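Each chain is listed here by its residues.
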Amino acid sequence: MHLGVSESMRECEYSQISTRSSTPMETPYKKRTPKMRKWESFPGRNKFYCNGRIMMAKQTGVFYLTLVLILVTCGLFFTFDCPFLALELTPVIPVIGGVLFLFVLGTLLRTSFSDPGVLPRATPDEAADLERQIDVANGSTGYRPPPRTKEVVINGQTVKLKYCFTCKIFRPPRASHCSLCDNCVERFDHHCPWVGNCVGRRNYRFFYMFILSLSFLTIFIFAFVITHVILRSHRSGFLNALKDSPASVLEVVVCFFSVWSIVGLSGFHTYLISSNQTTNEDIKGSWSSKRGKDNYNPYSHGNIFTNCCAALCGPLPPSLIDRRGFIQSDTPQLAPPTNGITMYGATQSQQSHMCDQDQCIQSTKFVLQAAATPLLQQQSSQPVILTASPENGGSLPGRTSLTLGGPCTSLPLGQPTPPTSTPSLSCHEATDMLPIHGHSHTHNHSHPHQEPVAHHHFLTPEEVPSPPGMLPCGSPLGHSHTMQAGFYNPASQDSLHEDSVRGLVKLSSV
Amino acid sequence: MAETHSLQDMRQQAAVAAKVFIQRDYTKGTVCQFQTKFPSELETRIDKQQFEETVQTLNNLYAEAEKLGSQSYVEGCLACLTAYTIFLCMETHYEKVLKKIAKYIQEQNDKIYAPRGLLLTDPIERGLRVIEVTIFEDRSLTR
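These numbers were taken from a predicted model, which means no experiment stands behind them.

S.K.: Any details on the overall build of chain B? Residues and values, ideally.
M.R.: A count of helical and extended segments in chain B gives 4 helices and 3 strands. Along chain B, from the amino end to the carboxyl end, the secondary structure elements read α-β-α-α-α-β-β. Counting all 143 residues of chain B, 49% fall into the buried class. Across chain B, contacts joining residues at least 24 apart in sequence account for 61% of those joining residues at least 6 apart. If you sum the accessible surface of chain B, you get close to 7,400 Å²; carbon and sulfur atoms cover 51% of it.

Below, the structure is given as structure tokens:
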């Protein structure tokens, strides 16, 4: 089901087009209500279903495999082995099997679908405040400061808190940033592809119960399928028994290979729970006595029983990301930003993370726009119209020009325009940036671009882009096709593209 | 949202001068606690003791939410036995305490902070990372 993502993409496009500007423009899309739920603009790489109720990682293929394996094996067991066993031995067997199966399924779905304890990213104000504090502490100079850490003493142990550059927060102890989901997760255990989600503070107990019950179920099925085959072979011989219930062979094979890994995993996690460690900490050996004589786990409650109770029966914190809440479009950003780039960078990065599967398209469009830039710089005094894209043969037709309503007012990036205008740059096209060199043609206009077409096409010579230069001057554009221009996103990929594009344009403008 | 109409009005009328963020205090581990250190930006606006009392009360409430006691164990076991369907009917202890916290913050805002041109934001709206104190421009106060 990729509806969630694509739907959110479409909704982004729709809502952004509708909130864009006062100019009437032809848009093929019908106007949607701008009320979006927060999950639709969630910056991490997660998939949401059922209008935000279900949350999973991006790659869910292995999860479906897990589901299929469990369903098929249990299905075969109930269909082929249970009737025989119920008659021969006792009908309690299928009942217990059924209960175990339902429990396994329930805990699996609960683990996969719930929020593992994702920490929401810092608001722009918070990020700016933190940056300021860090700069003050560092005595900032031009060079990039070293990775930021804070030390804190917990129960006598010194713990380093790392700064997360993506989420712009100092991670709480035991939290870690999952690179697959692009989120910081509290009490991060590991990212489990089998359940298609991270395992963290909020779903660790479900994960543990899942693997524990699955071990029991696997052993249960394995044992009773063997019993079934043995009983049958007493009657009619081994080979006949296998012929009569061929499914049993498949079940035995699946269970045999699963038992080792799952039972082993359950044992490992039982150890982790009893010592109140996460997989992450255990692998790194954070609290291992090998590191030092005084190294101990500051989070442990002292005895195994309390640790187990705390992990399995302790209070379950609610989700910190309000998935189903509505986005408040009036969130005030009234204070002048202390660090404009950070502020807008934050919102931009949020936007750019939303649909990163379009990075290819983004970068191509970036190439297009970057191609226009040198022309702007060179011919800023004359009207110019850019008519072709470099990939259309790589050569721009004779008179390439871009209409400019005079030199753009170089709006500083730190301009306190309301951030609702920044999201108006389409969700995955927020990274369509003109490389702003010298800020002579900054296009961080509050005026949203109106380009619906170039999502999946390249600009053809017919699609004459309207002058981006006019936009900051406030004049509305009637043209439906615009050069997409936006904020300078200090993402690293842009500078790479920038360089390659310069080369392209130099070639083409000869 | 912990805002009343009067607070919203104030917000719309007054301009935000600055925002102060009270960070988390991790010295007790992963439990939710906030630093009680009094930020210098608020020195002119509010009494130090008053502010510290607010933060300390919040800390106590959060500690109560995450407390490991017989009540939480019973709730946990019951939930497990009912396959967590029980939470369709009732809310968790943590959620109940969060509601209490929201009420407390609103009450504090109404009584103490709004008259001084300050606004406390419920930490849950900031992912329990910070207590955000918004300082409004105070043109009416003569000092």
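S.K.: Got a sec to walk through the sheet that holds strand β3 (residues 130–136) of chain B? Specific residues and values, please.
M.R.: Residues and elements named next belong to chain B. Here 3 strands make up an open sheet; going across it, the order is β1-β3-β2 and the pairing antiparallel. Edge positions in the sheet fall to β1 (16–23) and β2 (118–121), since each of these pairs with one other strand and no more. Between one strand and the next, the sheet's axes are offset by a mean angle of 20°, whatever the strand orientation. Where β2 meets β3, 4 bridges bridge the pair, whose relative direction is antiparallel. By the bridge assignment, L118 is partnered in β3 with I135.

S.K.: Provide a residue-level description of the pattern of salt bridges, including the pertinent values.
M.R.: Tallying each qualifying case throughout the model produces 15 salt bridges over all chains. A salt bridge links A:E186 to A:R201; the nearest nitrogen and oxygen atoms lie 3.2 Å apart. Taken as a pair, A:E186 in the loop between β8 (183–185) and β9 (190–192) and A:R201 in the loop between β10 (197–199) and α5 (204–236) lie far apart in primary sequence, 15 residues in all. One continuous salt-bridge network, built from bridges that share partners, spans A:D125, B:K19, B:R126 and B:E132.

S.K.: Which residues make up the environment of A:I154, and what values go with them?
M.R.: Looking at the secondary structure, you find A:I154 in strand β4 (residues 149–154). Its relative accessible area of 0% is what places A:I154 among the buried residues. Taking the C-alpha atoms as reference, A:I154 lies 6.4 Å from A:P298; in sequence the two are 144 residues apart. Not counting chain neighbours up to four residues away, the residues in contact with A:I154 comprise A:V159, A:P173, A:P298, A:Y299, B:Y26, B:T27, B:K28 and B:G29.

S.K.: Explain the interface of chain A and chain B residue by residue, including any values.
M.R.: In many analyses, interface size is given as the accessible surface area lost on bringing the parts together. With 39 residues of chain A in contact, the opposing surface of chain B contributes 31 residues. When the buried surface of chain A facing chain B is broken down by residue, A:E126, A:C313 and A:P315 rank first, second and third, together holding 19% of it. Applying the counting rule to chain A against chain B returns 3 salt bridges. For A:D125, the salt bridge identified is with B:K19, shortest N-O distance 2.9 Å. Across the contact surface, chain A and chain B share 5 residue pairs in polar contact (both at pLDDT 80 or more). Of all elements in the fold, only α4 (124–138), β4, β6 (169–170), α5 and α9 (304–313) of chain A reach the threshold of two or more residues within the side of chain A that touches chain B. Residue classes in the side of chain A that touches chain B are distributed as 26 nonpolar, 5 polar and 8 charged.

S.K.: An account of the pairing of β1(B) is needed here, citing residue identities and associated values.
M.R.: Residue and element names in this part refer to chain B. When you tally the buried positions in β1, you get 6 out of 8 residues, the bulk of the element. Across 7 bridges, the pairing between β1 and β3 is antiparallel. Bridge pairing in β3 places A18 opposite I135.

S.K.: So, the side chain of A:H177: which residues are in play, and what are the values?
M.R.: In this fold, A:H177 is placed in strand β7 (residues 176–178). Here A:D182 takes part through its side chain, which lies 3.1 Å from a polar atom of the side chain of A:H177.

S.K.: So what about the environment of A:A223? Which residues, and what values?
M.R.: Residue and element names in this part refer to chain A. Structurally, A223 can be placed in helix α5. Overall, the relative accessible area of 36% leaves A223 in the partly exposed class. Linking A223 and C255, residues 32 residues apart in sequence, is a C-alpha distance of 9.4 Å.

S.K.: Could you give an account of the packing of aromatic side chains, naming the residues involved and the relevant values?
M.R.: Residue and element names in this part refer to chain A. Within the structure shown, the criterion is met by 16 aromatic pairs over all chains. Taking 5.2 Å as the distance between ring centres and 65° as the angle between the ring planes, the aromatic pair formed by Y163 and F170 counts as edge-to-face. For the residue pair Y163 and F170, the accessibility class agrees, reading buried in each case. Every member of this aromatic cluster is reached through a ring pair, and the members are F77, F78, F101, F220 and F224. Sitting above the plane of the F170 ring, K150 keeps its charged end 4.7 Å from the centroid.

S.K.: Break down the side chain of B:T134 for me, citing the residues and quoting the values.
M.R.: Residue and element names in this part refer to chain B. Among the structural elements, T134 can be located in strand β3. By relative accessible area, T134 is classed as buried at 5%. In this structure, T134 is in contact with V16, A18, K19, G117, L118, L119 and T121, ignoring residues within four places of it in sequence.

S.K.: Quick one: what's the story with the confidence of the model for chain A, residue by residue and with numbers?
M.R.: Residues and elements named next belong to chain A. With 55% of its residues at a pLDDT of 70 or more, chain A shows a mean pLDDT of 70. Per-residue pLDDT stays below 50 along residues 1–22; that stretch engages in 48 contacts with residues further than four places along the chain or on separate chains. Here residues 376–491 scores under 50 on pLDDT; set against residues more than four positions off or in separate chains, the count is 268 contacts.

S.K.: Give a detailed account of the UniProt feature "transmembrane region" (unreviewed entry) in chain A, specifying residues and quantitative values.
M.R.: All names here are of chain A. The residues that UniProt annotates with the feature "transmembrane region" (unreviewed entry) are residues 62–80, 92–109, 206–230 and 250–274. A distance of 26 Å separates the end C-alpha atoms of residues 92–109, which is 100% helix and 0% strand. Taken end to end, residues 206–230 is 100% helix and 0% strand, and its first and last C-alpha atoms sit 35 Å apart.

S.K.: Please give an account of helix α2 (residues 48–65) of chain B that cites residues and values.
M.R.: Each α-helix turn comprises 3.6 residues. Residues three or four places apart therefore point the same way. Residues and elements named next belong to chain B. Helix length check: α2, at 18 residues, gives a terminal C-alpha distance of 26 Å against a target of 26 Å (1.5 Å per residue), a fit within 8%. Those residues of α2 not exposed but buried are F51, T54, V55, L58, N59, L61, Y62 and A65. One side of α2 holds all its buried residues, which, seen down the axis, span an arc of 165°. Exposed and oriented more than 90 degrees from the buried face of α2 are Q49 and E53.

S.K.: Run through the nonpolar core, naming residues and quoting values.
M.R.: Counting residues in each nonpolar core, the largest one holds 36 residues, and the members touching the most others are B:L42, B:I46, B:F51, B:Y62, B:I101 and B:V133. At the level of secondary structure, the elements contributing two or more residues to this core comprise β1, α2, α4 (93–113), β2 and β3 of chain B. The element that contributes the greatest number of residues to this core is α4(B), accounting for 8 residues. Beyond its immediate sequence surroundings of up to four residues, B:V133 is in contact with B:A18, B:K19, B:V20, B:I22, B:L42, B:F51, B:L118, B:L119 and B:L120. Counting 35 residues, the second-largest nonpolar core is a separate cluster that includes A:Y49, A:F63, A:V199 and A:L217.

S.K.: Can you explain the packing of helix α2 (residues 61–88) of chain A against α5(A)? Please cite residues and give values.
M.R.: Residues and elements named next belong to chain A. Taken N-terminus to C-terminus, the directions of α2 and α5 make an angle of 40°; their axes are 10 Å apart at the nearest point. With respect to each other, α2 and α5 are oriented oblique. In the packing of α2 onto α5, the handedness of the crossing is left-handed. Judged by residue contacts, T66, I70, T73, C74, F77, F80, D81, F84, L85 and E88 of α2 engage F210, L214, L217, F220, I221, F224, V225, H228, L231, R232 and R235 from α5.

Analysis parameters
- Residues numbered from 1 in each chain as written.
- Chains lettered and ligands numbered in written order.
- Predicted model: local features only at pLDDT ≥ 70, side-chain atom pairs only at ≥ 80, totals over all residues.
- Heavy atoms only, no water.
- Helix = DSSP H or I, 4+ residues; strand = E, 2+ residues; numbered from the N terminus.
- Buried < 20%, exposed > 50% of the residue type's maximum accessible area, 1.4 Å probe, protein only.
- Contact = heavy atoms within 4.5 Å.
- Areas by Shrake-Rupley, 256 points an atom, 1.4 Å probe, with all protein chains shown as cover.
- Pairing = 2+ DSSP bridges.
- Axes fitted to C-alpha atoms, helices over the stretch in contact; angles between N-to-C directions.
- Salt bridge = Lys/Arg side-chain N within 4 Å of Asp/Glu carboxyl O.
- Buried area = accessible area lost by both parts, 1.4 Å probe.
- Polar contact = N/O pair within 3.5 Å; in protein donor to acceptor, adjacent residues only side chain to side chain.
- Nonpolar A, V, L, I, M, F, W, Y, C, P; charged D, E, K, R; others polar.
- Phe/Tyr/Trp six-rings, centres within 6.5 Å; stacked < 30°, edge-to-face > 60°.
- Lys NZ or Arg CZ within 6 Å of the ring centre and 35° of its normal.
- pLDDT = per-residue confidence, 0-100.
- UniProt positions renumbered as here; feature names shortened; annotations may be inferred.
- Expected span 1.5 Å × (residues − 1).
- Arc of directions from axis to C-beta.
- Core = buried A, V, L, I, M, F, W, Y, C linked by side-chain atoms within 4.5 Å.
- Parallel < 35°, antiparallel > 145°, perpendicular 65-115°, else oblique.
- Left-handed = near helix turned anticlockwise from the far one by under 90°.

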